[in-house]
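# Structural features, examined
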Amino acid sequence: MSVDSGGTGTEGGAAEGADEPGWEPDADNDSVGVIAAVGRQIKLWRMSGGFSQAEFGVAIGYGENQIYKVEAGKRIPRPEFLDKADQVLRAGGKIAAMKRDVAEARYPRKVRNLAKLEAEALELGAYESLVVHGLLQTEEYARALYGLRRPAYEEDELERLVAARMGRQGLFDQRPLPLLTFVQEEASLRRPLGGRMVWRRQLEHLLARATLRHVEIQVMPTSAEEHSGLGGSLQVLKLRNGTTVGHNEVQLSSRVISDPKEVHILEMRYGMIRSQAMRPRESRAFIEKLLGET
């Protein structure tokens, strides 16, 4: 087999090998080292297997230049890239096992930190006032929401943020199942972000999530005369280690709240919000009615 070409060849023509936004490491992301380390490991496995970059690219369906970029830490490998590499190089799962690290490294730092907290949660409660909560969003809805941001995101950053938001939703499948409760402001469910069909599919998704035994979704009606959430959206997480933290995201900042006094206030407010909102069964009926009106 031939020696490395240094990545000077052309793309192999496979669909998987085409460049697209959202898969370049962010120079400001503190996990760039993770991507570089993964690239080095793939290169070592490839060379140990006796493959040149061109031959390896053909074997897994990627262009030679893509192989060069991944090995050089200039390109984040897709999950299917790692699966195919593991199979071709007979790594016995050692390469495929890096998928989770790579996925987390792709997220912006503030999202990655929040995802780690959520992954440790035995119980999560969230009140959202303006839009559908991130953990309940469809991919179409999330893309439409990020697309409205001003100043506008570059395409690669937008795709990275959408992927990160969808990745966080693995929380629903964790074991043991965490208790997940959400209170959505009625106005957030009536706002047709992304257009009529995106809105309809988002409402359908909410109903599907609400059928899960470990998930409760409530609606805070606009007509409510008492409302303890007028200070804005909030999130409370009870972690496996016994601690409880809060999270709050506003215009230009994302803040994890660990001070016991502040966390206690958030817990109290969230409890009041849940008591003032529609019950889960009433909320499902309300969303079904709203869906029928769209």
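Figured I'd write up the structure that's included with this text.

Reading the values: the criteria
Residues numbered from 1 in each chain as written. Predicted model: local features only at pLDDT ≥ 70, side-chain atom pairs only at ≥ 80, totals over all residues. Heavy atoms only, no water. Pairing = 2+ DSSP bridges. Helix = DSSP H or I, 4+ residues; strand = E, 2+ residues; numbered from the N terminus. Axes fitted to C-alpha atoms, helices over the stretch in contact; angles between N-to-C directions. Salt bridge = Lys/Arg side-chain N within 4 Å of Asp/Glu carboxyl O. Buried < 20%, exposed > 50% of the residue type's maximum accessible area, 1.4 Å probe, protein only. Phe/Tyr/Trp six-rings, centres within 6.5 Å; stacked < 30°, edge-to-face > 60°. Lys NZ or Arg CZ within 6 Å of the ring centre and 35° of its normal. Expected span 1.5 Å × (residues − 1). Arc of directions from axis to C-beta. Contact = heavy atoms within 4.5 Å. Parallel < 35°, antiparallel > 145°, perpendicular 65-115°, else oblique. Left-handed = near helix turned anticlockwise from the far one by under 90°. Nonpolar A, V, L, I, M, F, W, Y, C, P; charged D, E, K, R; others polar. Polar contact = N/O pair within 3.5 Å; in protein donor to acceptor, adjacent residues only side chain to side chain. Core = buried A, V, L, I, M, F, W, Y, C linked by side-chain atoms within 4.5 Å.

Another point: the sheet that holds strand 1 (residues 121–128). Reading across the sheet, the six strands line up as 3-2-1-4-5-6 and stay open at both edges, with mixed pairing between neighbours. For this open sheet the edge positions go to strand 3 (215–220) and strand 6 (253–257), each flanked by a neighbour on one side alone. Shown here is a sheet whose adjacent strand axes are inclined to one another by a mean of 15°, direction ignored.

Let us look at the pattern of salt bridges. By the definition in use, this model includes 14 salt bridges. The salt bridge partner of Arg143 is Glu139, with a shortest N-O separation of 3.2 Å. Taken together, the residues span about one helical turn, with Arg143 and Glu139 both in helix 7 (residues 139–147) at a distance of four residues. Arg143 gets classed as partly exposed once you look at its relative accessible area, which sits at 29%. Of the charged contacts, one joins Arg160 and Glu157 as a salt bridge, the two residues approaching to 3.0 Å between their closest N and O atoms.

One pass over the structure, following the stated rule, counts four aromatic pairs. Taking 4.9 Å as the distance between ring centres and 75° as the angle between the ring planes, the aromatic pair formed by Tyr62 and Phe81 counts as edge-to-face. Of this pair, Tyr62 sits in the loop between helix 2 (53–60) and helix 3 (64–71) while Phe81 is found in helix 4 (residues 79–88), placing the two residues 19 residues apart along the sequence. With respect to burial, Tyr62 and Phe81 carry one shared label: buried. One Lys or Arg, Arg149, reaches over the ring of Tyr153 and ends 4.2 Å from the middle of that ring. Stacked on the ring of Phe172, the Lys or Arg Arg209 has its end atom at 3.8 Å from the ring centre.

This paragraph deals with helix 12 (residues 280–293). The first and last C-alpha atoms of helix 12 sit 20 Å apart over 14 residues, in line with the 20 Å expected at 1.5 Å per residue. Buried within helix 12 we find Pro280, Ser283, Phe286, Ile287, Leu290 and Leu291. Each buried residue of helix 12 sits inside an arc of 140° when the element is viewed along its axis, so together they form one side. Exposed and oriented more than 90 degrees from the buried face of helix 12 are Arg281, Lys289 and Gly292. The elements touched by buried residues of helix 12 are helix 9 (186–190), helix 10 (196–210) and strand 3.

At a minimum axis distance of 10 Å, the contact between helix 10 and helix 12 shows a crossing angle of 155°. Here helix 10 is positioned roughly antiparallel relative to helix 12, judged by the angle of their axes. Considering the relative orientation of helix 10 and helix 12, their crossing is left-handed. Residues Trp199, Arg200, Leu203, Glu204, Leu206, Leu207 and Ala210 of helix 10 form the contact with helix 12, whose participating residues are Arg284, Ile287, Glu288, Leu290 and Leu291. A per-class count over the contact of helix 10 with helix 12 returns eight nonpolar, no polar and four charged.

Before going further, it helps to spend a moment on the packing of helix 2 against helix 4. Between helix 2 and helix 4, the shortest axis-to-axis distance is 9 Å and the interhelical angle comes to 110°. Accordingly, the angle class assigned to the pair helix 2 and helix 4 is roughly perpendicular. Taken together, the residues of helix 4 that come into contact with helix 2 (itself represented by Phe56, Ala59 and Ile60) are Phe81, Lys84, Ala85 and Val88. Among the residues making up the contact of helix 2 with helix 4, the classes are represented as six nonpolar, no polar and one charged.

It is worth spelling out the side chain of Gln169 at this point. Summarising the element assignment, Gln169 is placed in the loop between helix 8 (155–168) and strand 2 (179–185). Its relative accessible area of 9% is what places Gln169 among the buried residues. Within polar-contact distance, the side chain of Gln169 engages the backbone oxygen of Gln137 at 2.8 Å.

Below, the discussion takes up the nonpolar core. Leu124, Phe182, Leu189, Leu203 and Leu206 are the most contacted members of the largest nonpolar core, which has 32 residues in total. Of all the secondary-structure elements, those providing two or more residues to this core are strand 1, strand 2, helix 10, strand 3, strand 4 (234–239) and helix 12. Ranked by the residues each element gives to this core, the list is headed by helix 10, at six residues. In this structure, Phe182 is in contact with Leu124, Ala126, His133, Leu135, Leu136, Phe172, Val215, Glu216, Ile217, Gln218 and Tyr270, ignoring residues within four places of it in sequence. Val38, Phe56, Phe81 and Ala85 belong to the second largest nonpolar core, which has 19 residues in total.

Our next topic: unusual backbone geometry. A cis amide bond links Arg150 to the next residue, Pro151, at an omega of 0°. Position of Pro151 relative to the elements: it lies in the loop between helix 7 and helix 8. Residues Arg175 and Pro176 are joined by a peptide bond in cis, for which omega reads -5°. With respect to the secondary-structure elements, Pro176 resides in the loop between helix 8 and strand 2. Unlike most non-glycine residues, Arg90 shows phi in positive territory, near 50°. As for its placement among the helices and strands, Arg90 is situated in the loop between helix 4 and helix 5 (99–106).

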